[in-house]
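Examining the three-dimensional arrangement
Listed here are the chains, written in short residue letters.
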Protein chains: 2
Amino acid sequence: MTDGRQRVAIVGAGFGGLAAAQALSRADVDVTVIDQRNHHLFQPLLYQVATASLNTSEIAWPIRHILRNADNVTTLLATVEGIDTTARTVRIDDGSTVPYDSLILATGVRHAYFGHDQWEKFAPGLKTLEDATRIRRKLLVAFEAAELETDPDKRKALLTFVIIGAGPTGVELAGAIIELARVTLRGQFRNIVPGEARVVLIEGGKRVLANFKPELSDYTLKSLRDLGVEVILGEPVTEVDADGVTYGDKRLDAQTVIWAAGVQASPAAEWLGLEADRAGRVKVENDLTVPGHPEIFVVGDTATITMPDGKPVPGVGDAAKQGGKHAAEVIVARLAGDTAVKPFRYKHAGDLATIGKRAAVIDFGWTQLKGWVAWWAWGLAHIYFLIDIKNRLFVAMSWLWIYLSGQRSSRLITQGEAEPKTPAQAAAKD
Amino acid sequence: MTDGRQRVAIVGAGFGGLAAAQALSRADVDVTVIDQRNHHLFQPLLYQVATASLNTSEIAWPIRHILRNADNVTTLLATVEGIDTTARTVRIDDGSTVPYDSLILATGVRHAYFGHDQWEKFAPGLKTLEDATRIRRKLLVAFEAAELETDPDKRKALLTFVIIGAGPTGVELAGAIIELARVTLRGQFRNIVPGEARVVLIEGGKRVLANFKPELSDYTLKSLRDLGVEVILGEPVTEVDADGVTYGDKRLDAQTVIWAAGVQASPAAEWLGLEADRAGRVKVENDLTVPGHPEIFVVGDTATITMPDGKPVPGVGDAAKQGGKHAAEVIVARLAGDTAVKPFRYKHAGDLATIGKRAAVIDFGWTQLKGWVAWWAWGLAHIYFLIDIKNRLFVAMSWLWIYLSGQRSSRLITQGEAEPKTPAQAAAKD
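Residues numbered from 1 in each chain as written. Chains lettered and ligands numbered in written order. Predicted model: local features only at pLDDT ≥ 70, side-chain atom pairs only at ≥ 80, totals over all residues. Heavy atoms only, no water.

Going by an unreviewed UniProt entry, chain A carries the name NADH dehydrogenase and comes from Devosia epidermidihirudinis. Turning to chain A, the UniProt annotation filed under Sequence similarities (unreviewed entry) states: "Belongs to the NADH dehydrogenase family." UniProt annotates chain A under Cofactor (unreviewed entry) with the comment "FAD". (UniProt positions renumbered as here; feature names shortened; annotations may be inferred.)

Structure, rendered in structure tokens:
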């Protein structure tokens, strides 16, 4: 594999790792990309898989397919178990090791429960394709179980959907779920009226989309309530169990609870034996390298870094892309003998979130967009950023179809062997 | 739900149950459709999901969506646990019962291992969406593991794919897997050449597609061998384990083995306490009713019945459709006071199977088609039979895309919590 050329190992093929691999694909280096999944996931649209609008394969692509033309890149499907920073090797789960001269860690985040890990069982988060199909199954099984349920209170709990956390993911999930209930499922049940389902969005902070300009938060709040979403602000959730949630001193019975409140970085800091912040992110130098290890870069959500203006770099895909590209550029510059430290300069393109099928908000900083204009801008931007021409086409068609027909193509309840299939089995499992 | 009208319960929403429900949707009866899945599956294309050509949602639709306009039909997602033929009720897994005046059982088949159930662990069959994604995962992980494997013998075993049984499913899987290896994955690995993978089709009988005219079997055999599939005839498999298969006195090391050899009817006969044939199918009267129970119909693969010409009705979707329609018509006729026994007359449209991406064979009985003409006829027929206009469109586009680009859209390794993710985990699991 190697012919004495510089060896670059990249762990994680999300936005950051993939950007680094692509930037290095024309460089005189041997690159090894290691990921525990075989696919790159377009996370911004994951909520649409969870709410049955898109197929899993419309937002995910085999990593080695994306990198097929990069002859200097080898893709390995494996889980990293540790890093030996002295021997400069990455240990993977088949027991072998991958040597490196330069290492880029872009391992991303998982959702976190702030010390309440027992909540995960009742309130799954949304980070992977499996998370999305699990949530899709929970949502669809709840309506099926309500159709079978005769006890009015139990039926009410089955038709109550709680989303914890009103960031972009929580807002987008709430809007999609209320439309699933009121539009997609309309007229398809005989014992229940799906449109009577309650969708409750609970946020501990004072406003939705706290990272956006206040006027956009206000607009989003109003839009969600117009859609029929019940939004509760300033009430931290204090308990989540099999029967529902407790917030402040109030209790809400709900069979379906989704967690969109917090994230935790993957164990990169542990691997390196380094100091991490509360969210497990590695504190890196201003060039994204690790203190004392200029050959190790940490990019994207896995790293914590503040810009000269004192603002932290946000945990968004675009920041990960820019970080991965930066790391690749530094490695290439060093190959050319340029060892000067190059600080990472993050350019913030903007924040955006959709509110159901007709509205969105976009905060460019210098200006804001809202309403249907923003929704179309959001749609076009996301279709543009989808990697594969075929997927762009298919996603565009899926959306057009849903837009025109209100129907959703992917309302499938599927599961691994361990998973419950029918409402009764699901009930038995809880 | 009921207003004194005749109550019809239908168990199973495959081709048979769905045809019955649709035929009864305009009749003066209350229909309850019970299925343990929320989706109707277009099984003839399941092998294309297993080989990453189609998405799960392109060949499956929510049952209640298909029946949304049938106001007299209630759909329940539940598993049947028993039938009380005296009280005339169906017991489902939430403990409740569904009463009926007429009952239609269309519960289909699972793959069977002829008393070697321990083989299932090593050689999964292909009947459900979960089966298909499991096989897809096994196929894709094998190539990933081979890319990591350094031992040449182990790598050889990882790149050896065995299909047991050369009926239509076995033939179609073999053709699709060899094309996956030689076309789709070409140039995407650095340590292996996917095209060197061996695809071995083992059949105990003397020819492939035994139900087809001999000339079509010969053509299919030649076509498969031209594609690069190794076809072994007249050699029953005597052992399947974690390392491969034994047939006759020969041993073949293979990490991936797929079972396409036999089926077993679901437990309808047990529920009814009735005599069943070796494959578990209920022996029904010539009008598809159960001996002594004219109000109970068994249709499709769940029943065994011979035509006046002595030929058995084949276990194909079209036979199930005709059976379901027949049962519905008998029920409607009885409502009109016509209680005369109406024998089921099966009209055999034909048998067909594809051989890779360029050829197919169709046996209409009165004439035969083969080659690319048959392939196009097969494609158009299947697109036509796909239920939902959107799916017709998307499947047509997916095929066109694969046909032109050789790329496949659905090469995703996903799993339930219990499932292995990386090659190492998969190895550890076996």
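**Some details on the pairing of strand 9 (residues 102–105) of chain B**
All names here are of chain B. Residues Ser102 and Ile104 point to one face of strand 9 and Leu103 and Leu105 to the other, with burial holding for every one of them. Pairing of strand 9 with strand 21 (residues 293–298), which is carried by 3 bridges, proceeds in the parallel orientation. Paired with Ile104 across the two strands is Phe297, which belongs to strand 21. (Buried < 20%, exposed > 50% of the residue type's maximum accessible area, 1.4 Å probe, protein only. Helix = DSSP H or I, 4+ residues; strand = E, 2+ residues; numbered from the N terminus. Pairing = 2+ DSSP bridges.)

**Notes on helix 6 (residues 168–184) of chain B**
Over its 17 residues, helix 6 of chain B runs 22 Å from end to end, which matches the ideal 24 Å to within 8%, given 1.5 Å per residue. Within helix 6 of chain B, 13 of the 17 residues are buried, leaving the element largely enclosed by the surrounding structure. (Expected span 1.5 Å × (residues − 1).)

**Structural notes on the environment of Asp287(B)**
Residue and element names in this part refer to chain B. Within the fold, Asp287 resides in the loop between strand 19 (282–283) and strand 20 (289–290). Along the sequence, Asp287 and Trp401 sit 114 residues apart, while their C-alpha atoms lie 45 Å from each other. Other than its neighbours up to four places away in sequence, Asp287 contacts Phe297, His326, Arg334, Val341, Lys342, Pro343 and Phe344. At 2.6 Å, the side chain of Asp287 forms a polar contact with the side chain of Thr289. (Contact = heavy atoms within 4.5 Å. Polar contact = N/O pair within 3.5 Å; in protein donor to acceptor, adjacent residues only side chain to side chain.)

**Some points on the pattern of salt bridges**
Residue and element names in this part refer to chain A. A full pass over the atoms with the stated rule returns 42 salt bridges over all chains. Ionic pairing is found between Asp277 and Arg281, a salt bridge with its closest N-O pair at 2.9 Å. Look at Arg281 and you get partly exposed, because its relative accessible area is 29%. Residue Asp338 pairs with Lys342 through a salt bridge whose shortest N-O separation is 2.9 Å. Residues participating in the shared-partner salt-bridge network are Arg110, Glu120, Asp131 and Arg134. (Salt bridge = Lys/Arg side-chain N within 4 Å of Asp/Glu carboxyl O.)

**Some thoughts on helix 9 (residues 317–335) of chain B**
Residue and element names in this part refer to chain B. Here helix 9 contains 19 residues, and its C-alpha end-to-end distance of 27 Å stays within 8% of the 27 Å for a straight helix at 1.5 Å per residue. Along helix 9, the residues classified as buried are Ala319, Ala320, Gln322, Gly323, Gly324, His326, Ala327, Ala328, Val330, Ile331 and Ala333. Where helix 9 is buried, its residues touch strand 1 (6–11), helix 1 (15–24), strand 9 and strand 21. At the C-terminal side of helix 9, Gly337 shows a positive phi close to 90°.

**As for the domain arrangement of chain A**
A common way to express how large an interface is: the accessible area buried when the components associate. All names here are of chain A. Splitting chain A by domain gives domain 1 (6–111 + 263–336) and domain 2 (117–261). On the side of domain 2, 19 residues touch domain 1, which itself brings 18 residues to the contact. Summed over both partners, the interface of domain 1 with domain 2 buries about 1700 Å², with 66% contributed by carbon and sulfur atoms. The three residues of domain 1 that bury the most area against domain 2 are Tyr47, Ala50 and His111, which together make up 34% of that side's buried surface. Counting across the domain 1 and domain 2 interface gives 3 salt bridges. One salt bridge connects Arg37 with Glu130, and the closest N-O pair in it is separated by 2.3 Å. Contributions of two or more residues to the side of domain 1 that touches domain 2 are made by strand 3 (39–41), helix 2 (46–50) and strand 10 (109–111). (Domains from an automatic or database assignment. Buried area = accessible area lost by both parts, 1.4 Å probe.)

**Here's the deal with the packing of aromatic side chains**
One pass over the structure, following the stated rule, counts 21 aromatic pairs over all chains. Aromatic side chains Trp375(B) and Trp376(B) sit 5.1 Å apart centroid to centroid with 90° between the ring planes, which places their arrangement in the edge-to-face category. According to the relative accessible area criterion, Trp375(B) is buried, its value standing at 11%. Given the relative accessible area of 39%, Trp376(B) is considered partly exposed. One aromatic cluster is present, formed by Tyr113(A), Phe114(A), Trp119(A) and Trp259(A) through successive ring pairs. It is Arg64(A) that lies over the ring of Phe189(B); its NZ or CZ is 3.9 Å from the centre. (Phe/Tyr/Trp six-rings, centres within 6.5 Å; stacked < 30°, edge-to-face > 60°. Lys NZ or Arg CZ within 6 Å of the ring centre and 35° of its normal.)

**Some remarks on the sheet that holds strand 23 (residues 351–355) of chain B**
Residue and element names in this part refer to chain B. The strand order across the open sheet built from 3 strands is 23-24-25, with neighbouring strands paired in antiparallel fashion. The open sheet has two edge strands with one neighbour each: strand 23 and strand 25 (368–371). Taking each pair of neighbouring strands and ignoring which way they run, the sheet shows an average axis angle of 10°. As paired elements, strand 24 (residues 359–363) and strand 25 share 4 bridges and run antiparallel to each other. Looking at the pairing, Ala360 lines up with Gly371 of strand 25. (Axes fitted to C-alpha atoms, helices over the stretch in contact; angles between N-to-C directions.)

**Looking at the packing of helix 6 of chain B against helix 7 (residues 214–227) of chain B**
Each pair of packed helices gets described by two things: the angle between the helix axes and the distance between those axes. All names here are of chain B. Contact geometry of helix 6 with helix 7 gives a least axis separation of 10 Å together with a crossing angle of 20°. Regarding the angle of helix 6 to helix 7, the classification is roughly parallel. Between helix 6 and helix 7 lies a crossing whose hand is left-handed. Contacts between helix 6 and helix 7 involve Val171, Ala174, Gly175, Ile178, Glu179 and Arg182 from the former and Thr220, Leu224 and Leu227 from the latter. When grouped by side-chain class, the residues that make up the contact of helix 6 with helix 7 number 5 nonpolar, 2 polar and 2 charged. (Parallel < 35°, antiparallel > 145°, perpendicular 65-115°, else oblique. Left-handed = near helix turned anticlockwise from the far one by under 90°. Nonpolar A, V, L, I, M, F, W, Y, C, P; charged D, E, K, R; others polar.)

**Here we look at a nonpolar patch on the surface**
Taken together, the side chains of Trp372(A), Val373(A) and Trp376(A) present a nonpolar region at the surface, about 350 Å² in accessible area. Given a relative accessible area of 39%, Val373(A) falls into the partly exposed group. (Patch = residues over 30% accessible without salt bridge, like charges linked within 9 Å, V, L, I, M, F, W, Y side chains within 5 Å. Areas by Shrake-Rupley, 256 points an atom, 1.4 Å probe, with all protein chains shown as cover.)

**Quick look at unusual backbone geometry**
Phi angles above zero are rare outside glycine, and Ala52(A) is one such case at about 70°. If you trace the backbone, Ala52(A) turns up in the loop between helix 2 and strand 4 (60–62). Given a relative accessible area of 1%, Ala52(A) falls into the buried group. At Leu209(B), a residue that is not glycine, the phi angle is positive and equals roughly 45°. Secondary-structure assignment places Leu209(B) in the loop between strand 12 (198–203) and helix 7.

**A closer look at the packing of helix 1 (residues 15–24) of chain A against helix 9 (residues 317–335) of chain A**
Residues and elements named next belong to chain A. Between helix 1 and helix 9, the shortest axis-to-axis distance is 7 Å and the interhelical angle comes to 35°. Seen from above, helix 1 lies across helix 9 with right-handed handedness. Listed contacts from helix 9 to Phe15, Gly16, Ala19, Ala20, Ala23 and Leu24 of helix 1 are Gly317, Ala320, Lys321, Gly324, Lys325, Ala328, Ile331 and Val332. Of the residues in the contact of helix 1 with helix 9, the class split is 9 nonpolar, 3 polar and 2 charged.

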